[in-house]
Amino acid sequence: MTSIFIVSAILFAAFVSGTLYSYSGFKSLLKRPLTIALPFYGISFLGAYLLLIPLHIKSPVLWGAVLLYFSAGFGLFSLSRLTDIFGMYGNSNLSLREKKGVITASLAWSVYIVLSSPLSALIDDEPYKNAITVENQEVFDPKSVLLDGDQARFVDQDLAIKGVKELIGEELGLGSRFEFDDATIQQVGDKLNWVAPLKHQGIIKWWNNKTTPGYAYISVNDYDSSDLILNESVGINYGHSGFFFSKDVRRHVYTNGYSREILSGKPRFEITNDGTGYWVFTSYEKGSFLSINKPNGVVTVDAKTGHIEKYGLYDAPKWIDTIYTDVVTENLISYTFGYVKGAINAWFVGEDVITASKGTYMVYTKSGEAKWYTGMQSSGAQEGTMGFVLSDTRTGVATLYRKAGITEMVAKDVAEGLVQDLGYSSSAPIPHNVNGINTFVSILKDASGNKQGVALVRYTNRNVAGWGKSLQEAERRYMTAMAQQQDASSDVVGGDELYTITADVFRVTHLDDTSYIMLSNLAYSDNMFSVAHAKDMKVIMTKPGDKVTIKVVNLDVSVVPVVGFNNDSIESRTSQVPSNYSADYSTPH
């Protein structure tokens, strides 16, 4: 409600000061109807229309009257007289009263501009500090929060768009009439898919066809798992792009009673579990200051029938994945953490200021909830984070995990460095659970945009990384790199205690620079232990039946990196040196 009074008071002050003190300016506008009156009135009308939206005036008659009242008062008088003061269109004989009026109007609108931007934090920074609800969580368990690595996003948006083009090209005559709109990621049932609605190629194709036959989907895990859904039941009559006049979904919403709602600029296409397509707009309310947009619900439009429904933030249908967009979430998080000690500190001092790292990415948790992942870093930090935030895409509630690590951009650079000789590029890294470890997973693509492999980079250590043509190959190299980096300290992810195991070797395989050992002890029958050759070269000579002692971290994973290794059988043999041998291994005494 505060924003309504702010807008009303400022608009009223601008009108009164502009009209009462500049009434003679109307004559000068009549003399210049094309060069001054028409442009200024058009601009002021549009400005008044947008600025009056927060008032939420429900009566169309009252809305029209207020709109004309303010736009005329500001456009025809205040702005025109302001140009005369600064000599833009020659000098006019303005009285002192007129000058005071125009200056007062200008000041009123300047106040509005301040209150419509983060500058309003100078007046009251509390709305910025509390822009989003944040829960602190000191302990982060990747196994219970993040999706497993084998459920990672191996098809990014670019690959999804590439796949949709291929699907359209395979259907005879489809590609000559339709193309696709942007692909959005969403969960349908228990599967994650990219979904892209078909749209008309232009106004002529729209006029001839009116309806597009459906949409395409591609699994985020498997490029080959894709399909076109084309039938009358999912035909699209209303769309965002490629649809015109009354079939433009934004115009359809605005002309059906929602013209004064603050809606997201671009709707998202989402489908229900039964395959019905909807356009989803996020609706916003203004906070105490006009620069803070906070979602308060959604407006949905049936893509086939055009039926419109409005829902609140907490009663929106479960099939809607996103209400808080990535841009809004990142802004609100930046406000909450950036203004923790006030505006002056945020802008000039920077003490205890935490900022969002570049990029906010959607991840899905173990429980199937969609979250925005945002890395958090201290002001001035470039490559490291002090933690990260997972924000609910529906409610906006954010959880801060204080776990230092690298930024997404650093992880991307590391992934590309692994394959710099091949010239592959990395997609945006997404955090996943790989063997109980918080790990960035990204797709490696060639210059043509085709997937060529997978890269894994550890969140807490850029030196632990691996890539491969498949996830299994990348994971093997990744765990090898981890074994090479780990030592006998307890500063490792997954636990803070080292376990010493002594047992006979049941099976052993030596690959490249790593050996993989299975123990005969049935307690470890589900585990395979990876030992980097750099740890101890004797591992290369290890064979089944040897007794070994290994030190591992308490990781509940199938492939366990070994941080300490000793082949007791070899040590026993080398210790049995004949006593009649000299120290320099020459001849017997």
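Up top is the structure.
This is a predicted model, so every value here is computed, not measured.

### A few points about empty space enclosed by the protein
Okay, so step 1: In total, this model carries 2 cavities of 30 Å³ or more according to the counting rule given.
Okay, so step 2: As a volume, the largest cavity reaches approximately 90 Å³.
Okay, so step 3: Forming the boundary of the largest cavity are 13 residues, of which L147, R153, V363, Y364 and H432 lie nearest the centre.
Okay, so step 4: For the lining of the largest cavity, the elements supplying multiple residues, two or more each, are β12 (354-364) and β19 (430-434).
Okay, so step 5: Across the lining of the largest cavity, the residue classes tally to 10 nonpolar, 2 polar and 1 charged.

### Side note on unusual backbone geometry
Trans is the prevailing form of peptide bonds, just as negative phi is the prevailing case for residues other than glycine.
Okay, so step 1: Positive phi values are uncommon outside glycine, yet K210 reaches one of about 65°.
Okay, so step 2: Along the chain, the position of K210 falls in the loop between α9 (203-209) and β5 (214-219).
Okay, so step 3: Residue K210 is classed as partly exposed on the basis of its relative accessible area of 36%.
Okay, so step 4: For F245, which is not glycine, the phi dihedral falls at a positive 55°.
Okay, so step 5: Considering the arrangement of structural elements, one finds F245 in the loop between β6 (226-230) and α10 (249-258).

### Brief notes about the packing of aromatic side chains
Okay, so step 1: Considering all chains together, one arrives at 13 aromatic pairs under this definition.
Okay, so step 2: Taking 5.5 Å as the distance between ring centres and 80° as the angle between the ring planes, the aromatic pair formed by F388 and Y459 counts as edge-to-face. With F388 in strand β15 (residues 387-392) and Y459 in the loop between β21 (451-458) and β22 (461-468), this residue pair connects regions lying 71 residues apart in the sequence. Taken as a pair, F388 and Y459 share a single burial class, namely buried.
Okay, so step 3: Between Y524 and F529 the ring centres are 6.2 Å apart and the planes differ by 70°, which places this aromatic pair in the edge-to-face class.
Okay, so step 4: Take F529: its relative accessible area is 2%, and that puts it in the buried class.
Okay, so step 5: One aromatic cluster is present, formed by Y373, F388, Y401, F440 and Y459 through successive ring pairs.

### With respect to a negative patch on the surface
Okay, so step 1: A contiguous patch of negative charge, built from E166, E170, E171 and D227, is present on the exposed surface.
Okay, so step 2: Mapped onto the elements of the fold, E166 is located in helix α8 (residues 157-170).
Okay, so step 3: Classification of E166 by relative accessible area gives partly exposed; the value is 38%.

### Re the nonpolar core
Okay, so step 1: Of all hydrophobic cores here, the largest spans 29 residues; its most connected members are I320, L332, Y335, F337, M376 and V389.
Okay, so step 2: Where this core is concerned, the elements lending two or more residues are β9 (277-286), α11 (326-338), β12 and β16 (398-401).
Okay, so step 3: Among the elements that line this core, the one with the most residues is α11, at 5 residues.
Okay, so step 4: If near-sequence neighbours (up to four positions away) are discounted, M376 is found in contact with I333, F337, I354, T355, A356, S357, T385, M386, G387, F388, V389 and L400.
Okay, so step 5: Within the second largest apolar cluster, 26 residues are counted, among which are V164, I168, W194 and I218.

Thresholds applied
Residues numbered from 1 in each chain as written. Predicted model: local features only at pLDDT ≥ 70, side-chain atom pairs only at ≥ 80, totals over all residues. Heavy atoms only, no water. 1 Å grid on protein atoms, 1.4 Å probe; cavity = no way out; pocket = protein on both sides within 12 Å on 5 of 7 lines; lining within 4 Å. Points joined across faces, edges and corners; volume = space filled by probe spheres on them. Helix = DSSP H or I, 4+ residues; strand = E, 2+ residues; numbered from the N terminus. Nonpolar A, V, L, I, M, F, W, Y, C, P; charged D, E, K, R; others polar. Buried < 20%, exposed > 50% of the residue type's maximum accessible area, 1.4 Å probe, protein only. Phe/Tyr/Trp six-rings, centres within 6.5 Å; stacked < 30°, edge-to-face > 60°. Patch = residues over 30% accessible without salt bridge, like charges linked within 9 Å, V, L, I, M, F, W, Y side chains within 5 Å. Areas by Shrake-Rupley, 256 points an atom, 1.4 Å probe, with all protein chains shown as cover. Salt bridge = Lys/Arg side-chain N within 4 Å of Asp/Glu carboxyl O. Lys, Arg positive; Asp, Glu negative; His and termini not counted. Charge placed at Lys NZ, Arg CZ, Asp CG, Glu CD. Core = buried A, V, L, I, M, F, W, Y, C linked by side-chain atoms within 4.5 Å. Contact = heavy atoms within 4.5 Å.

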